[in-house]
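# Breakdown of the fold
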There are 2 protein chains.
Amino acid sequence: MTSAPFCAAVDWGTTNFRLWLLDAQGSVLGERSSGEGMRACLPDRFGPVLEAHLSALQAPAELPVIVAGMAGARGGWREAAYLDTPAPLDALHAHAVQVEGFGRDVRILPGVCQREGGREDVMRGEETQLAGAWAESRASGLFCLPGTHSKWARVEEGRLLSFTTYMTGELFALLSQHSTLHDMVAAGKGDETSPAFRDAVAEMLDGAGLTGKLFSIRAASLLSGDAAPDAKARLSGLLIGAEVAAMRKDLDAGAEVTLIAGGSTARAYETAFSNAGLACRTLDGQDLVRRGLFAAARALWPERKAA
Amino acid sequence: MTSAPFCAAVDWGTTNFRLWLLDAQGSVLGERSSGEGMRACLPDRFGPVLEAHLSALQAPAELPVIVAGMAGARGGWREAAYLDTPAPLDALHAHAVQVEGFGRDVRILPGVCQREGGREDVMRGEETQLAGAWAESRASGLFCLPGTHSKWARVEEGRLLSFTTYMTGELFALLSQHSTLHDMVAAGKGDETSPAFRDAVAEMLDGAGLTGKLFSIRAASLLSGDAAPDAKARLSGLLIGAEVAAMRKDLDAGAEVTLIAGGSTARAYETAFSNAGLACRTLDGQDLVRRGLFAAARALWPERKAA
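All values derive from a computational prediction rather than experimental measurement. (Residues numbered from 1 in each chain as written. Chains lettered and ligands numbered in written order. Predicted model: local features only at pLDDT ≥ 70, side-chain atom pairs only at ≥ 80, totals over all residues. Heavy atoms only, no water.)

### As for the packing of helix 5 (residues 195-205) of chain B against helix 8 (residues 263-275) of chain B
Residue and element names in this part refer to chain B. Heads up, the condition is: For helices, the axis comes from a line fit to the C-alpha atoms of the stretch in contact; other axes are also lines fit to C-alpha atoms, and the angle between any two N-to-C directions lies between 0 and 180 degrees. Strands are runs of DSSP state E lasting at least 2 residues, helices are runs of H or I lasting at least 4, and numbering of each runs from the N terminus. Angle categories: roughly parallel below 35 degrees, roughly antiparallel above 145, roughly perpendicular from 65 to 115, and oblique for all the rest. Here is the rule for handedness: rotate from the far helix to the near one, and if that takes an anticlockwise turn smaller than a right angle the crossing is left-handed, while a clockwise turn gives right-handed. Working rule for contacts: check all heavy atoms of both residues, and any pair within 4.5 Å makes them a contact. Residues were grouped as follows: Ala, Val, Leu, Ile, Met, Phe, Trp, Tyr, Cys and Pro as nonpolar; Asp, Glu, Lys and Arg as charged; and all remaining residues, including Gly, as polar.
The N-to-C vectors of helix 5 and helix 8 enclose an angle of 50°; their axes lie 10 Å apart at closest approach. Viewed along their axes, helix 5 and helix 8 adopt a mutual orientation that is oblique. As helix 5 packs across helix 8, the resulting crossing turns out to be right-handed. Between helix 5 and helix 8, the residues in contact are Phe 197, Arg 198, Val 201, Ala 202 and Leu 205 and Ala 268, Thr 271, Ala 272 and Asn 275, respectively. Split by residue class, the contact of helix 5 with helix 8 holds six nonpolar, two polar and one charged.

### Here's the deal with the interface of chain B and chain A
Applicable threshold: For any pair of parts, buried area is found by adding up, for both, the accessible area (1.4 Å probe) each one loses once the two are put together. Take a side-chain nitrogen of Lys or Arg and a carboxyl oxygen of Asp or Glu: if they are within 4 Å of each other, that pair is a salt bridge. In protein, a polar contact requires one atom able to donate a hydrogen and another able to accept it; more generally it is a pair of N or O atoms within 3.5 Å, and residues adjacent in sequence count only if both atoms are side-chain atoms.
Contacts between the two partners involve 43 residues from chain B and, on the opposite side, 43 residues from chain A. The junction of chain B with chain A conceals about 3400 Å² of combined surface from both sides, 67% of it contributed by carbon and sulfur atoms. The largest per-residue losses of area from chain B upon contact with chain A belong to Thr211(B), Phe215(B) and Leu223(B), which jointly make up 21% of the total buried on that side. Summed over the shared surface of chain B and chain A, the number is zero salt bridges. Along the contact surface separating chain B from chain A lie eight residue pairs in polar contact (both at pLDDT 80 or more). Secondary-structure elements contributing two or more residues to the side of chain B that touches chain A are strand 9 (112-114), strand 10 (121-123), strand 13 (159-166), helix 3 (168-178), helix 6 (210-224) and helix 7 (231-248) of chain B. In terms of residue count, helix 6 of chain B provides more of the side of chain B that touches chain A than any other element does, eleven residues in total. Taken together, the residues that form the side of chain B that touches chain A break down as 17 nonpolar, 14 polar and twelve charged.

### Looking at the side chain of Ser150(A)
Residue and element names in this part refer to chain A. Keep this limit in mind: Note on classification: 1.4 Å probe, protein chains only; a residue is buried when its accessible area is under 20% of the maximum for its type, exposed when over 50%, partly exposed between these limits.
Turning to its location among the elements, Ser 150 is positioned in strand 12 (residues 150-156). The buried category is assigned to Ser 150, whose relative accessible area is 0%. A polar side-chain atom of Ser 150 sits 3.3 Å from a polar atom in the side chain of Tyr 269. The contact partners of Ser 150, leaving out residues within four places of it in the chain, are Leu 145, Thr 164, Thr 165, Tyr 166, Thr 168, Glu 243 and Tyr 269.

### Comments concerning the pairing of strand 3 (residues 28-34) of chain A
Definition in use: In this scheme, strands are said to pair when DSSP sees at least two bridges between them.
Relative to strand 3 of chain A, strand 2 (residues 17-22) of chain A is paired through six bridges, and the arrangement is antiparallel. Residue pairing for strand 3 of chain A: Leu22(A) is matched across the bridge by Val28(A).

### Let's talk about helix 8 of chain B
All names here are of chain B. Inclusion rule: A helix's residues, less one, multiplied by 1.5 Å, set its expected span.
Look at helix 8: 19 Å from first C-alpha to last across 13 residues, which is about the 18 Å you get at 1.5 Å a residue. Considered for burial, the residues of helix 8 that qualify are Ala 266, Ala 268, Tyr 269, Thr 271, Ala 272 and Phe 273. Just beyond helix 8, the residue with positive phi is Gly 277, at close to 70°.

### Regarding the pairing of strand 11 (residues 141-145) of chain B
All names here are of chain B. In terms of burial, strand 11 is largely enclosed, as five of its five residues are buried. By the bridge criterion, five bridges tie strand 11 to strand 12 (residues 150-156) in an arrangement that is antiparallel. Across the sheet, Cys 144 pairs through a bridge with Trp 152, a residue of strand 12. The hairpin turn running from strand 11 into strand 12, its antiparallel successor, is four residues long. Across three bridges, strand 11 lies against strand 14 (residues 256-260) in parallel orientation. By the bridge assignment for strand 14, Leu 142 is matched with Val 257.

### Describing the packing of aromatic side chains
Residue and element names in this part refer to chain A. For clarity, the threshold we go by: For Phe, Tyr and Trp, where Trp contributes only its six-membered ring, two rings pair if their centres lie within 6.5 Å, and the inter-plane angle classes them as stacked under 30 degrees, edge-to-face over 60, or tilted in between. Any Lys NZ or Arg CZ that is within 6 Å of a ring centre and within 35 degrees of that ring's normal is treated as a charge sitting over the ring.
Tallying each qualifying case throughout the model produces 16 aromatic pairs over all chains. A ring pair is formed by Phe 6 and Phe 294, whose centres lie 5.7 Å apart and whose planes are at 70°; its orientation type is edge-to-face. Here the residue Phe 6 occupies a position in the segment before strand 1 (7-12), and Phe 294 occupies one in helix 9 (residues 285-300), the gap between them amounting to 288 residues. When its relative accessible area of 3% is taken as the criterion, Phe 6 is described as buried. Taken together, the ring pairs connect Trp 12, Phe 17, Phe 46, Trp 77 and Phe 102 into an aromatic cluster. One Lys or Arg, Arg 124, reaches over the ring of Tyr 82 and ends 4.3 Å from the middle of that ring.

### Focus on the layout of surface pockets
A water-sized probe, rolled over the atoms, reveals where empty space remains. As a reminder, the rule being used: Definitions used throughout: a 1 Å grid over protein atoms alone; a cavity as a set of points that fits a 1.4 Å probe which cannot get out; a pocket as an open set with protein on both sides within 12 Å along at least five of seven lines; a lining residue as one with an atom within 4 Å of a point. Grid points are joined across faces, edges and corners, and a volume is the space filled by probe spheres set on the points.
Each pocket or cavity is described by its volume, and for the second largest pocket that value is around 1400 Å³. In terms of lining residues, the second largest pocket is bounded by 42 residues, among which Gly13(A), Thr14(A), Met70(A), Arg124(A) and Glu126(A) are the most central. Of all the elements in the fold, those that place two or more residues in the lining of the second largest pocket are strand 1, strand 2, strand 10 (121-123), helix 2 (126-137) and helix 9 of chain A together with helix 6 of chain B. Considering only residue class, the lining of the second largest pocket consists of 15 nonpolar, 16 polar and eleven charged.

### Remarks on the sheet that holds strand 3 of chain A
Residues and elements named next belong to chain A. Read from one edge to the other, the open sheet built from six strands follows the order 3-2-1-4-8-7, with strand pairing classed as mixed. If you trace the sheet from one side to the other, it starts and ends with strand 3 and strand 7 (97-98), each paired once. Together, strand 1, strand 2, strand 3, strand 4 (65-69) and strand 8 (106-108) form the strand contacts of helix 1 (residues 46-56), whose direction differs from that of strand 2 by roughly 45°.

### Some details on the relation of the copies chain B and chain A
Between the two copies of this chain, the relationship is a rotation about some axis together with a displacement along it. Here is the rule: The copies are overlaid by a least-squares fit using only the C-alpha atoms of residues whose pLDDT is at least 70 in both copies.
With an RMSD of 0.0 Å, the fit of chain B onto chain A corresponds to turning through 180° and sliding 0.0 Å along the axis. Both copies of the chain, as the preceding transformation shows, are related through a two-fold rotation axis. When C-alpha positions in chain B are compared against the rotation axis, the closest is assigned to Leu174(B), at 3.4 Å. Comparing interface residues between copies, 100% of those in chain B also sit at the interface in chain A, which points to an isologous, same-surface contact.

### A word on the packing of helix 7 (residues 231-248) of chain A against helix 8 (residues 263-275) of chain A
How two helices sit against one another is set out by the angle between their axes and by the gap between those axes. Residues and elements named next belong to chain A. The interhelical angle for the contact between helix 7 and helix 8, taken along N-to-C directions, is 50°, at an axis separation of 10 Å. When the axis of helix 7 is compared with that of helix 8, the two are oblique. For helix 7 against helix 8, the interelement crossing comes out right-handed. Contact residues: Ile 240, Glu 243 and Val 244 in helix 7; Ala 268, Tyr 269, Ala 272 and Phe 273 in helix 8. Split by residue class, the contact of helix 7 with helix 8 holds six nonpolar, no polar and one charged.

### Comments concerning the domain arrangement of chain A
Residue and element names in this part refer to chain A. Cut-off, in case you're wondering: The start and end points of each domain follow an automatic or database-based domain assignment.
What the domain assignment reports for chain A is domain 1 (7-137 + 292-300) and domain 2 (166-285). On a C-alpha basis, the centroid separation for the pair domain 1 and domain 2 is 31 Å. Approximately 260 Å² of surface area, both sides summed, lies buried where domain 1 meets domain 2, with 61% of it carried by carbon and sulfur atoms. Of all residues in domain 1, Gln 129, Ala 133 and Ser 137 give up the largest surface area on contact with domain 2, accounting jointly for 85% of the area buried on that side. At the surface where domain 1 touches domain 2, the tally comes to zero salt bridges. Where domain 1 touches domain 2, the interface holds one residue pair in polar contact (both at pLDDT 80 or more). Each residue belonging to the side of domain 1 that touches domain 2 can be placed in one class, and the counts come to two nonpolar, two polar and no charged.

If you want it as structure tokens, here you go:
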């Protein structure tokens with residue numbers, strides 16, 4: 001027999017929906033995922049989408065649901081106002097917004113914002129991954145969460161002190177799809193293990209200016225006349241190298257970064273950190289957002305935990 | 001009475017066509033311009049487009065034509081192979097390609113390339129502007145030619161020693177049109193005279209990483225809830241600031257830059273140079289390309305000059 005579900009935990013991003021059915025120990029009883037992210041959901045679609053996934057897992061009608069991510073953004077399901085930095089990662093639940101007028105108890109966790117002029121920044125979802133890391137290991141220090149909008153976050157004693165967003169993934173997509181580099185990058189087959197990637201990272205760590213390096217990808221292809229097999233790896237290396245070089249300026253040599261990523265993204269950043277002389281430990285992001293959601297659920301519904 | 005035409009000079013770029021009818025002193029007898037750039041011309045259209053503009057100016061049938069720009073690129077009218085750096089700006093004409101099988105004497109000037117690994121670069125058209133500056137004033141030093149692909153060129157004693165392309169204008173267009181910053185920048189009304197532009201330039205000159213600053217434009221708008229009136233000026237300031245900051249690393253304090261630009265672009269770079277503590281003198285680009293074309297024509301057709 002399987003144990004009874006304690007709650008459903010949902011990571012509701014811009015483009016993806018992911019749901020876990022969890023027991024009182026946080027173990028996964030069932031799982032669903034789809035492309036029904038915030039972008040695919042009109043304001044009145046969030047409820048039906050959630051219920052469809054819950055019923056597919058035969059979740060009981062009274063099962064509460066904890067949600068993190070863009071579902072709490074303006075224009076999402078319900079706006080969960082940002083917490084200001086420094087933000088207590090073990091108290092996100094206290095600022096969750098309940099979806100009124102809905103048939104079951106659904107709480108949406110807040111994002112976190114930073115208001116310092118010139119350094120304004122926002123996150124929704126990463127704070128829950130960081131809360132998961134805190135709940136799991138009480139880890140402090142510098143965290144790197146790569147993605148369309150990579151986040152670098154400073155955590156001390158469970159408080160998110162400050163963070164910076166790098167548009168690394170979005171710039172890679174823009175330059176790959178819409179720029180004069182398109183043909184070269186589309187033909188590229190290199191990856192984060194190639195010398196071209198490492199060389200590009202090294203150039204940025206040496207202090208090169210990104211916007212003055214990008215065109216060399218096109219020029220190298222025009223001059224060699226070939227399809228620039230390294231172009232994709234070089235573009236990736238320049239962008240990730242620019243991100244790591246900018247962060248390293250404020251770090252001591254040999255400082256450790258906790259990388260929250262998986263697959264080829266994790267390998268690319270691990271390579272760049274190694275080039276930069278930074279120590280690195282890698283944690284799995286999907287696992288951490290689930291743990292952060294579970295930690296918030298336990299705090300919100302202690303009586304269910306006891307049950 | 002007007003003096004007889006000596007030659008026609010054509011600046012044939014990617015998106016624009018510009019032609020001047022010049023006398024033996026280089027004075028302008030007539031002028032044409034259109035959107036019939038290289039992109040708008042199939043290989044067999046270059047000749048008819050040129051002849052249509054010449055006949056509109058009643059140019060004699062034997063009038064020779066000197067051409068600079070993308071018409072000499074692979075896929076243009078005739079490919080004029082790149083000259084390698086260091087390139088003699090007063091000898092571009094010696095490497096011009098004649099369009100064979102065409103009813104009149106048409107010569108296309110070469111572009112210039114740099115083959116150093118990791119610093120590969122190419123230009124077509126800017127070398128003719130630099131040749132015009134050399135012909136006019138024998139100026140040496142560092143030249144900045146802003147644009148979709150900004151060029152920074154080092155000229156000593158009439159030789160183009162080295163150059164770097166910054167994708168500043170293309171990145172501004174990509175981020176304005178296709179990125180998550182689109183809505184904010186579209187609503188922006190600031191310009192290069194606004195404090196937002198100066199502040200953004202200053203942040204980049206202080207060593208900030210570009211990819212970590214771009215998202216602050218979006219975050220500031222989300223947090224303030226307004227339409228981010230400064231977004232456009234801030235984006236422009238971050239990109240131009242990144243370009244100037246990267247170049248300044250290799251310059252002495254107070255070094256002079258010769259800026260080849262006009263209008264608001266010139267004002268924006270002049271502002272950034274002033275923030276960066278760089279001296280600046282500004283020359284008009286269209287005027288210089290015409291002078292560079294005329295200098296090449298005089299060297300190619302001395303007997304006509306005598307006539």
